[in-house]
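Here is what each chain is made of, one letter per residue.
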Amino acid sequence: MTQSYQVILVAVDGSTEAELALHKAIHVAKRNQARLIIAHVIDTRALHNIAAFDAAIYETLEQEAQTLLKDYQEQALQAGLSEVQIVIEFGNPKTLLAHDIPEETGADLMLLGATGLNTFERLLIGSSSEYILRHTTIDLLIVRDKDKTM
C-alpha cells in the first residue's frame, strides 16, 4: 500500500534549513498532487519585554513574515503547485506547530528544517523539532540534507 498525502505543511522561519524544507515540501506536494501549507509562527514569548515598549513590533514582524511567505508561495506556484496557502500565527511555535496548525489545516504530513542546535543549546532553549516530533499526531519529516531536497 502506497502512502499518499493530501495536505502538506511546511514550517518556515527564514533560515537556510527552513528553505531546504520548503523545497522538499514543494517536490513532495507535486508527487502527491497535494495542497501545500506554508506556516510561520511569530514567537511572542521572546517579545513580551520589547512589546511593552513598542506595540508596533508585532505589526513589523507580521509584515516581514507576510513578505517572506508570499515569496515562498510564489516559488511553489511557479514550481507547478496549484494550491498553496500561507499561515501566520502568533504564539509558542512548538505547541502551535505540534497541535493547532495541523488540526486547523487538516495537514497529514509536516516538514521541518533541522536547526542544527548543539547539545548545550538544546538544553538551554530546547529544540522545536524535538518537541514537535514527540507531540504531533501527523507524519513528520525533518529535512537535514540539502542534496536530498528533490
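Above this text sits the structure in question.
Parameters and conventions
- Residues numbered from 1 in each chain as written.
- Predicted model: local features only at pLDDT ≥ 70, side-chain atom pairs only at ≥ 80, totals over all residues.
- Heavy atoms only, no water.
- Helix = DSSP H or I, 4+ residues; strand = E, 2+ residues; numbered from the N terminus.
- Buried < 20%, exposed > 50% of the residue type's maximum accessible area, 1.4 Å probe, protein only.
- Expected span 1.5 Å × (residues − 1).
- Contact = heavy atoms within 4.5 Å.
- Bend = angle between axes of the 7 residues up to and from the residue.

### Thoughts on unusual backbone geometry
Most peptide bonds are trans, and most residues other than glycine sit at a negative phi. Non-glycine residue Gln33 carries a positive phi angle of around 50 degrees. When you line up the elements, Gln33 lands in the loop between helix 1 (16–32) and strand 2 (35–43). Residue Gln33 is classed as exposed on the basis of its relative accessible area, which comes to 74%.

### Describing helix 1
End to end, helix 1 covers 24 Å across 17 residues, agreeing with the expected 24 Å (1.5 Å per residue, within 8%). Those residues of helix 1 lying buried are Ala18, Leu20, Ala21, Leu22, Lys24, Ala25, Ile26, Val28, Ala29 and Asn32. Those residues of helix 1 that are buried are in contact with strand 1 (7–11), strand 2, helix 3 (56–78), strand 4 (109–113) and strand 5 (139–143). Backbone geometry just downstream of helix 1 places Gln33 in the positive-phi region, at approximately 50 degrees.

### Re helix 4 (residues 93–105)
End to end, helix 4 covers just 16 Å across 13 residues, shorter than the expected 18 Å (1.5 Å per residue, more than 12% under). The largest bend in helix 4 comes to about 30 degrees, at His99, with the proline Pro102 one to four residues further on. Inspection of helix 4 places Pro93, Lys94, Leu96, Leu97, Ala98, Ile101, Pro102 and Thr105 among the buried residues, and these make up the whole buried set. In the segment just after helix 4, Gly106 is the residue with positive phi, at about 75 degrees.

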